[in-house]
Amino acid sequence: MRDLQHLPAVPGHSPERVPCRFCGRPATLRFQTMDWNRRLSSQAFRYYRCSGCAVTFLSPVPGDLGRYYPPDYYPMPATLTDLARMAEPEHYKLALVQRYHPGGRLLEIGPATGAFAYLAKAAGYEVDTVEIDAACCRFLREVVGVGAIESGAPSRVIPTLDGYDVVALWHVIEHIPDPWETLAAAAERLRPGGIVVIGAPNPDAFQLRVFGQYWTHIDAPRHLQLLPIETLTHRARLLGLRPLLQSTRTPGDLGWNVFGWQKSMQNVLQGRAAAAIGWWLSLAALPVDRAGRLGSTYTVVLQKEEP
């Protein structure tokens with residue numbers, strides 16, 4: 001692996017400590033990285049860990065962040081049949097939501113082309129979505145047949161909507177510049193007994209310790225922050241949301257473990273054998289990935305308390 005000093009410097013921004021953009025406490029440099037996943041630039045990006053809230057965050061956020069979401073960022077299915085095929089691996093999400101709230105109004109933040117939204121609608125949920133991409137919004141409305149609001153600021157959109165029984169953020173909260181405001185808005189619009197479901201990268205993952213700056217779930221600069229489970233659930237409790245599930249071992253999380261080993265190894269080796277080596281590593285690391293909260297991602301279910 002290359003040393004950090006071989007990465008290009010961040011123009012005009014190279015302190016070892018910065019104020020946390022969430023709580024203002026001092027934050028120290030955790031790692032410097034690049035866009036290893038897509039290689040859209042050679043720009044270096046610095047991530048800091050807060051000494052107070054323990055969030056790992058990108059600073060500064062690039063002013064041209066939009067260019068790191070190219071037109072092919074969202075694979076666009078040609079038909080509803082194609083979407084149904086793409087949705088096959090998403091059934092675990094539906095099963096998880098149904099376990100805690102089997103029906104009602106559901107809001108998904110950041111659905112992309114709507115694989116989960118499609119499954120939720122087919123299962124009888126009344127589905128709305130908030131999505132930043134215009135093409136995805138058209139597909140959601142015209143093909144999937146769900147409500148779609150085009151916006152990159154869900155914290156401002158959610159308060160204008162009616163109440164929901166389920167709010168889902170599947171690997172989206174790390175992309176949102178104001179995650180706590182978005183969580184607060186979701187909690188305010190959630191009906192009593194309703195749930196918020198969040199999937200996100202785990203900043204305490206064993207893989208991050210192994211791969212450092214090459215870890216695929218950093219996904220710089222698209223991932224603006226990595227939220228520890230403890231910090232997320234603490235903020236949730238302050239909003240009247242009770243944790244029902246905190247896991248790094250759902251079927252989706254286990255799948256992300258394998259992906260993380262393979263893709264991170266490709267970031268390191270950049271050769272044909274990298275994915276195969278990563279797969280073998282995923283098998284060797286199974287006991288560690290499934291121990292405690294060391295998996296590459298986590299899933300949290302939060303329930304709004306009855307008045």
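Think of each chain on its own: its residues are numbered from 1, step by step along the sequence as written. The predicted origin of the model limits local features to residues at a pLDDT of at least 70 and limits the giving and counting of side-chain atom pairs to 80 or more, whereas totals for whole chains, interfaces and linings rest on all residues. Only hydrogens and water are set aside when side-chain values are computed; all heavy atoms of the structure are taken into account.

1. Some points on the overall build of the protein chain
Then step 1. Counting its regular elements, the protein chain contains 11 helices and 12 strands.
Then step 2. Here the globule rule is a power law, 2.2 Å times the number of residues to the power 0.38, and the radius of gyration is based on C-alpha atoms. Taking 19 Å as the expected radius of gyration for a compact globule of 307 residues, we find that the protein chain reaches 19 Å, a close match to that expectation.
Then step 3. Structurally, the protein chain occupies a C-alpha span of about 50 × 45 × 40 Å along its principal axes.
Then step 4. Calculation of accessible area relied on Shrake-Rupley with a 1.4 Å probe; when residues are assessed, cover is drawn exclusively from the protein chains displayed. Roughly 13,300 Å² of accessible area belongs to the protein chain as shown, and the carbon and sulfur atoms make up 55% of that amount.
Then step 5. In this tally, Asp and Glu contribute negative charge and Lys and Arg positive charge; neither His nor the terminal groups of the chain are included. Here the site of a charge means atom NZ of a Lys, CZ of an Arg, CG of an Asp or CD of a Glu. Side-chain charges in the protein chain split into 31 positive and 28 negative, and the spacing between the mean points of these groups amounts to 5 Å. Numbering goes from the N terminus for both helices and strands, where a helix is a DSSP run of H or I of at least four residues and a strand is a run of E of at least two.

2. Concerning helix α4 (residues 134–144)
Then step 1. Along α4, the residues classified as buried are Cys136, Cys137, Phe139, Leu140 and Val144. In a view along the axis of α4, the buried residues occupy a sector of 160°, so they form one face of it.
Then step 2. The criterion used for residue contact is that any of the two residues' heavy atoms lie within 4.5 Å. Check the buried side of α4 and you find it contacts α1 (80–86), α3 (115–122), β6 (126–131) and β7 (147–150).
Then step 3. For this analysis, a polar contact is any N or O atom pair within 3.5 Å, provided that within protein one partner can donate a hydrogen and the other can accept it, and provided that sequence-adjacent residues contribute only side-chain to side-chain pairs. Where α4 starts, the residue carrying a side-chain oxygen 3.2 Å from the main-chain nitrogen of Ala135 turns out to be Asp133. Note on classification: 1.4 Å probe, protein chains only; a residue is buried when its accessible area is under 20% of the maximum for its type, exposed when over 50%, partly exposed between these limits. By arc we mean the arc of the directions from the helix axis to the C-beta atoms, nothing more.

3. Focus on the pattern of salt bridges
Then step 1. We count a salt bridge whenever a side-chain nitrogen from Lys or Arg sits within 4 Å of a carboxyl oxygen from Asp or Glu. Evaluated as defined, the whole model comprises 11 salt bridges.
Then step 2. Arg67 is paired through a salt bridge with Asp64; the nearest N and O atoms lie 2.8 Å apart.
Then step 3. When its relative accessible area of 37% is taken as the criterion, Asp64 is described as partly exposed.
Then step 4. Between Glu126 and Arg105 there is a salt bridge, with its nearest N and O atoms 2.9 Å apart. Placement of the pair is Glu126 in strand β6 and Arg105 in strand β5 (residues 105–109), with a sequence separation of 21 residues.
Then step 5. Given the relative accessible area of 46%, Glu126 is considered partly exposed.
Then step 6. Overlapping salt bridges, with partners in common, bring together Asp35, Asp219 and Arg222 in one network.

4. Considerations on the sheet that holds strand β10 (residues 225–226)
Then step 1. The strand order across the open sheet formed by five strands is β1-β2-β3-β4-β10, and the pairing between neighbours is antiparallel. The open sheet has two edge strands with one neighbour each: β1 (17–19) and β10.
Then step 2. Examined bridge by bridge, strand β3 (residues 45–50) and strand β4 (residues 56–58) share three bridges and lie antiparallel to one another. The partner of Arg49 across the bridge, within β4, is Thr56. For two strands to pair, DSSP has to find at least two bridges joining them.

5. What about the packing of helix α2 (residues 91–100) against α3?
Then step 1. Axis angles are defined between N-to-C directions and span 0 to 180 degrees, where every axis is a line fitted to C-alpha atoms and, for a helix, only to the segment in contact. Look at α2 against α3: their axes get within 9 Å of each other, and the N-to-C directions meet at 50°. The angle between the axes of α2 and α3 places the two elements in the oblique class. Judged by the twist between their axes, the crossing of α2 over α3 is right-handed. From α2, His91, Lys93, Leu94 and Val97 reach across to α3, where they touch Phe116, Leu119 and Ala120. The scheme is simple: roughly parallel for angles under 35 degrees, roughly antiparallel for over 145, roughly perpendicular for 65 to 115, oblique for anything else. In this scheme the crossing of two helices becomes right-handed for a clockwise turn of the near helix relative to the far one and left-handed for an anticlockwise turn of less than a right angle.

6. Considerations on the confidence of the model for the protein chain
Then step 1. Residues at a pLDDT of 70 or more form 95% of the protein chain, whose mean pLDDT is 93.
Then step 2. As a per-residue measure, pLDDT tells how confident the predictor is, with possible values from 0 to 100. Taken as a whole, residues 1–13 scores under 50 in pLDDT and shows 32 contacts with residues more than four places along the chain or in a different chain.

7. Looking at the nonpolar core
Then step 1. For our purposes a nonpolar core is just a set of buried Ala, Val, Leu, Ile, Met, Phe, Trp, Tyr and Cys residues, chained together by side-chain atoms within 4.5 Å. Membership of the largest hydrophobic core comes to 37 residues, with the highest contact counts inside it found for Ile109, Val167, Leu183, Val196 and Ile198.
Then step 2. If you list the elements that add at least two residues to this core, you get β3, β5, β8 (164–170), α6 (179–189), β9 (190–201), α8 (229–238) and β12 (297–304).
Then step 3. In this view, Ile198 contacts Leu169, Ile173, Leu183, Leu232, Tyr298, Thr299, Val300 and Leu302; residues no more than four positions away in its chain are not counted.
Then step 4. Of all hydrophobic cores here, the second largest spans 26 residues; its members include Val166, Ile195, Val197 and Leu245.

8. Notes on unusual backbone geometry
Then step 1. Of note, the amide linkage connecting Ser59 to Pro60 takes the cis form, showing an omega dihedral of -5°.
Then step 2. Take Pro60: it is sitting in the loop between β4 and α1.
Then step 3. Residue Pro221 is reached from Ala220 by a cis peptide bond, and omega for that bond is -5°.
Then step 4. With a phi close to 70°, Ala54 is a non-glycine residue in the positive phi region.
Then step 5. Along the polypeptide, Ala54 turns up in the loop between β3 and β4.
Then step 6. Here Ala54 falls in the partly exposed class, since its relative accessible area comes to 31%.
Then step 7. Phi angles above zero are rare outside glycine, and His171 is one such case at about 55°.
Then step 8. Positionally, His171 belongs in the loop between β8 and α6.

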